[in-house]
Amino acid sequence: MIARVSRADHRDTPSWLLIAAMLGSFLAAQYHHRFSVDPIRAAPAIASLMALGSAMTIGRYTMRPRLAAGATAFLQMTLFTLLGVVLAYALAANAGQLWDVRLAAADRAVGFNWPVMLALLDTYPPAIWLLGLAYHSLTLQMIVVIVALSGMGKFDTLRIMVCAAILSGFVTILISGLTPAMGNLFDPSRYAHLWPSIAWLEQGLISGLRDGSQRVLDLSMLMGIVTFPSFHATLAAIFIWAFGAMPRVALPGRAWAILTIVATPIFGGHYGMDVIVGLVLAPPALLAARHLTRQRQPSHQVDSALPA
């Protein structure tokens, strides 16, 4: 019998290349507005990356594919999150005129009446808690999806999901650099039950990035500042697709992600157009990720004369 020597599996490479491109983009974007890193506050992030890298290495060299796949996915998503946020900061420091007036006008044109909708929601505290918790649970959703897919051995689905998340996130951040905005702001003090949105809480940060007073990166307190398009909506849509690969949890998982999308304009401080465009980005990102991560057939087979 003839034993066939297969080449190495490089299907994780596209995600690593995207992460490298994000790092290069950050270095280029911050060239004229230098950022520094608080070394003490960076320690937890560095420790997490080292732990995930160690787990990935152990999984690969001990032939434990579930551990290797899960650790790889967590490592890639953690690096993407860190680089994505600092890249958004650097782009905000270079950004031009704010687009809030145009985004608000687009919302009115398609029928979003936010004062009325906010006032109505303020009369239903249980709905506020349900939607608020759903919005702030996106990281938990990511953890659940990665653990479940790696534990079930659905490595192709996991790889596509991670690549799609990184690709769409990268595109979203680059678009946001061209269309900067403060967000769909509302004063929570005018309502009895509504929580402050992320956009409301980030006003000082965005202003500091734009006027130059914010130039030190605290890796323990990074906050997403992208308004248009909404990556929260894009990622939740990708999770809807990923939950479909797990029949036992597909229904509750998809409901969870849908609630997150519904909650995004209110608790993220997003315009309706942010969410719509964010949702539109998810399908092409998944299609591109499926193409990028598919198993390529070798151009030629290398046969060995060793007996099987």
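Every value quoted in this text rests on a predicted model; they were computed, and no experiment measured them. (Residues numbered from 1 in each chain as written. Predicted model: local features only at pLDDT ≥ 70, side-chain atom pairs only at ≥ 80, totals over all residues. Heavy atoms only, no water.)

Engineer: How do you make sense of the overall build of the protein chain when you look at a structure like this?
Structural biologist: In terms of regular secondary structure, the protein chain is built from 13 helices and four strands. Along the longest, intermediate and shortest principal axes, the C-alpha atoms of the protein chain span 75 × 45 × 35 Å. Each of the 308 residues in the protein chain was classed as buried or not, and the buried ones make up 47%. In the protein chain, the proportion of contacts linking residues at least 24 apart, taken out of those at least 6 apart, comes to 82%. With 20 positive and 13 negative side-chain charges, the protein chain shows a spacing of 12 Å between the two charge centroids. (Helix = DSSP H or I, 4+ residues; strand = E, 2+ residues; numbered from the N terminus. Buried < 20%, exposed > 50% of the residue type's maximum accessible area, 1.4 Å probe, protein only. Contact = heavy atoms within 4.5 Å. Lys, Arg positive; Asp, Glu negative; His and termini not counted. Charge placed at Lys NZ, Arg CZ, Asp CG, Glu CD.)

Engineer: It is not clear to me how the layout of surface pockets should be interpreted in this structure. Could you clarify?
Structural biologist: Its volume calculated, the largest pocket comes out at about 1,200 Å³. Around the largest pocket sit 40 residues that line it, and Thr-81, Val-85, Thr-139, Leu-222 and Gly-224 are the ones nearest its centre. Among the secondary structure elements, those contributing two or more residues to the lining of the largest pocket are helix H2 (39-61), helix H3 (65-94), helix H7 (138-151), helix H8 (155-178), helix H9 (198-201) and helix H11 (231-243). Its residues assigned to classes, the lining of the largest pocket shows 24 nonpolar, 15 polar and one charged. (1 Å grid on protein atoms, 1.4 Å probe; cavity = no way out; pocket = protein on both sides within 12 Å on 5 of 7 lines; lining within 4 Å. Points joined across faces, edges and corners; volume = space filled by probe spheres on them. Nonpolar A, V, L, I, M, F, W, Y, C, P; charged D, E, K, R; others polar.)

Engineer: Can you help me understand a nonpolar patch on the surface in this one?
Structural biologist: Together, Leu-140, Ile-143, Val-144 and Val-147 give the surface a local cluster of nonpolar side chains, amounting to about 300 Å² of exposed area. Summarising the element assignment, Ile-143 is placed in helix H7. Since its relative accessible area comes to 36%, Ile-143 is described here as partly exposed. (Patch = residues over 30% accessible without salt bridge, like charges linked within 9 Å, V, L, I, M, F, W, Y side chains within 5 Å. Areas by Shrake-Rupley, 256 points an atom, 1.4 Å probe, with all protein chains shown as cover. Salt bridge = Lys/Arg side-chain N within 4 Å of Asp/Glu carboxyl O.)

Engineer: What is the right way to read the environment of Asp-274 from this model?
Structural biologist: If you trace the backbone, Asp-274 turns up in helix H13 (residues 272-292). Here Asp-274 falls in the buried class, since its relative accessible area comes to 0%. Contact partners of Asp-274, with chain neighbours within four places excluded, come to Leu-103, Thr-227, Phe-228, Pro-229 and Ser-230.

Engineer: What is the right way to read the pattern of salt bridges from this model?
Structural biologist: Summed over all chains, the structure comprises six salt bridges. When the shortest N-O distance is used, the salt bridge between Arg-11 and Asp-156 registers 2.9 Å. Here the residue Arg-11 occupies a position in the loop between strand E1 (3-5) and helix H1 (13-29), and Asp-156 occupies one in helix H8, the gap between them amounting to 145 residues. Take Asp-156: its relative accessible area is 44%, and that puts it in the partly exposed class. Between Asp-156 and Arg-159 there is a salt bridge; the shortest N-O distance is 3.3 Å. In this pair, Asp-156 and Arg-159 both sit in helix H8, three residues apart, roughly one turn of the helix. Through salt bridges with shared partners, a single ionic network connects Arg-11, Asp-12, Arg-60, Asp-156 and Arg-159.

Engineer: What am I meant to see in the side chain of Asp-122 here?
Structural biologist: Here Asp-122 lies in the loop between helix H5 (114-121) and helix H6 (125-135). Put simply, Asp-122 is tucked away with no salt bridge, and the nearest opposite charge, on Arg-190, sits 10.0 Å away. A distance of 3.1 Å separates a polar atom in the side chain of Asp-122 from the backbone nitrogen of Leu-194. Here Asp-122 is in contact with Ile-128, Tyr-191, Ala-192, His-193 and Leu-194, once residues within four sequence places are set aside. (Polar contact = N/O pair within 3.5 Å; in protein donor to acceptor, adjacent residues only side chain to side chain.)

Engineer: Is there a simple way to think about helix H4 (residues 100-109) in this case?
Structural biologist: Every buried residue of H4 is accounted for by Asp-100, Leu-103 and Asp-107. Projected down its long axis, H4 carries its buried residues within an arc of 70 degrees, all on one side. Set apart from the buried face of H4 by more than 90 degrees, the exposed residues are Val-101, Arg-108 and Ala-109. Buried residues along H4 sit in contact with H5 and H13. The first or second residue beyond H4 is Gly-111, which carries a positive phi of 100 degrees. (Arc of directions from axis to C-beta.)

Engineer: Sorry if this is basic, but what is going on with the packing of H3 against H7 here?
Structural biologist: Between two packed helices, what matters for the description is the angle formed by their axes and the separation of those axes. Packing of H3 against H7 brings their axes to within 8 Å, and their N-to-C directions diverge by 155 degrees. Judged by the angle between their axes, H3 and H7 are roughly antiparallel. Viewed along their axes, H3 and H7 form a crossing whose handedness is right-handed. Side by side, H3 and H7 meet where Arg-66, Ala-69, Gly-70, Ala-73, Phe-74 and Met-77 of the first sit next to Met-142, Ile-143, Ile-146, Val-147, Ser-150 and Gly-151 of the second. Looking at the contact of H3 with H7 residue by residue, the class counts come to eight nonpolar, three polar and one charged. (Axes fitted to C-alpha atoms, helices over the stretch in contact; angles between N-to-C directions. Parallel < 35°, antiparallel > 145°, perpendicular 65-115°, else oblique. Left-handed = near helix turned anticlockwise from the far one by under 90°.)

Engineer: Would you mind going over H11 with me for this structure?
Structural biologist: Along an α-helix, a turn takes 3.6 residues, which lines up residues three or four apart on a common side. If you check H11, its first and last C-alpha atoms are 18 Å apart, about what 13 residues at 1.5 Å a residue would give, namely 18 Å. For H11, the tally of buried residues reaches eleven of 13 residues, placing the bulk of the element in the interior. Of the positions making up H11, those classed as buried are Phe-231, His-232, Ala-233, Thr-234, Leu-235, Ala-236, Ala-237, Ile-238, Phe-239, Ala-242 and Phe-243. Looking at the buried side of H11, the elements it contacts are H3, H6, H7, H8, helix H12 (250-268) and H13. (Expected span 1.5 Å × (residues − 1).)

Engineer: Before we go on, may I ask you to explain unusual backbone geometry in this structure?
Structural biologist: Residues Phe-228 and Pro-229 are joined by a peptide bond in cis, for which omega reads -10 degrees. Positionally, Pro-229 belongs in the loop between strand E3 (216-217) and H11. Its identity as a non-glycine residue notwithstanding, Met-63 has a phi of 60 degrees, on the positive side. Within the secondary structure, Met-63 is located in the loop between H2 and H3.

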